[in-house]
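# Tertiary structure, described
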Amino acid sequence: MGRILIRFSEEQVSEPIASQIIIEYKVPMAILSAHINNKGGEILVEVPDTMQEQVVEAFRKRGVTTMVPKLIEVDSEKCFSCGTCIALCPVEAIKTDKDHTVQFDKEKCLGSTCSICVDACPARAIKSVKANGNENRDKKS
Ligand code: SF4
Ligand code: SF4
């Protein structure tokens, strides 16, 4: 499954744009998080990998801003297992192994649309990476 962050302006938020795209492209779309009100906002959705580009293009054609979030990765050399990231993660996507090694659940993690753990880690051990593995420390792209 591929994730897409969709950002609606105040003018767009009252239009049924997402519903139209779901119906037109027959795409199953799971909403993972939503921060939206009548002034606009953003939703993070998950669609089948094979349809990700098509859905991005469909929103862009309608003037809606989209972003494909980066993933999160931990540098086990820098991590000292303090647990800060585990306590702060809003979706319980971080756990430790028996040997206290930090593990991310990539299915649960909201990626660079969240980045709470990236900012909170005192060792700067967590970074955003592109899906192809290139490092990128920018929180949002
Ligand atoms: S980026 Fe957010 S959701 Fe993902 S592991 Fe970090 S705190 Fe959890
Ligand atoms: S906050 Fe950083 S140092 Fe602490 S457990 Fe998480 S990754 Fe490791």
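Everything in this summary refers to the structure shown in the same document.

Calculation rules
Residues numbered from 1 in each chain as written. Chains lettered and ligands numbered in written order. Predicted model: local features only at pLDDT ≥ 70, side-chain atom pairs only at ≥ 80, totals over all residues. Heavy atoms only, no water. Buried < 20%, exposed > 50% of the residue type's maximum accessible area, 1.4 Å probe, protein only. Helix = DSSP H or I, 4+ residues; strand = E, 2+ residues; numbered from the N terminus. Arc of directions from axis to C-beta. Contact = heavy atoms within 4.5 Å. Pairing = 2+ DSSP bridges. Axes fitted to C-alpha atoms, helices over the stretch in contact; angles between N-to-C directions.

This part takes up helix α2 (residues 52-61). When α2 is considered as a whole, its buried residues turn out to be Gln52, Val55, Val56, Ala58 and Phe59. The buried side chains of α2 occupy one side of the element, clustering within an arc of 160° when seen end-on. Facing away from the buried surface of α2 by more than 90 degrees, the exposed residues are Glu53 and Lys61. Looking at the buried residues of α2, the elements they touch are β1 (2-8), α1 (17-25), β3 (40-47) and β4 (65-67). Downstream of α2 by one or two residues, Gly63 has phi in the positive range, about 80°.

Here the focus is the sheet that holds β1. Spatially, 4 strands are ordered β2-β3-β1-β4 in an open sheet, and the strand pairing comes out antiparallel. Lying at the two open borders of the sheet, with one neighbouring strand each, are β2 (30-37) and β4. Pairwise comparison of adjacent strand axes, ignoring direction, gives a mean angle of 15° for this sheet. Both β1 and β4 contribute to a ladder of 3 bridges, which runs antiparallel. Bridge pairing in β4 places Arg7 opposite Thr65. Against the sheet, α2 engages β1, β3 and β4, with an angle of about 5° to β1.

Right, let's get into the pairing of β3. When you tally the buried positions in β3, you get 8 out of 8 residues, the bulk of the element. The side-chain alternation of β3 yields two buried faces, one formed by Gly40, Glu42, Leu44 and Glu46 and the other by Gly41, Ile43, Val45 and Val47. Two strands pair when backbone bridges link them, and β1 and β3 are joined in this way by 7 bridges, in the antiparallel orientation. Along β3, the bridge assignment pairs Ile6 with Ile43. With 7 bridges joining them, β2 and β3 adopt antiparallel strand pairing. Paired with Ala30 across the bridge in β3 is Glu46. Connecting β2 to the antiparallel partner β3 that follows it, the hairpin turn spans 2 residues.

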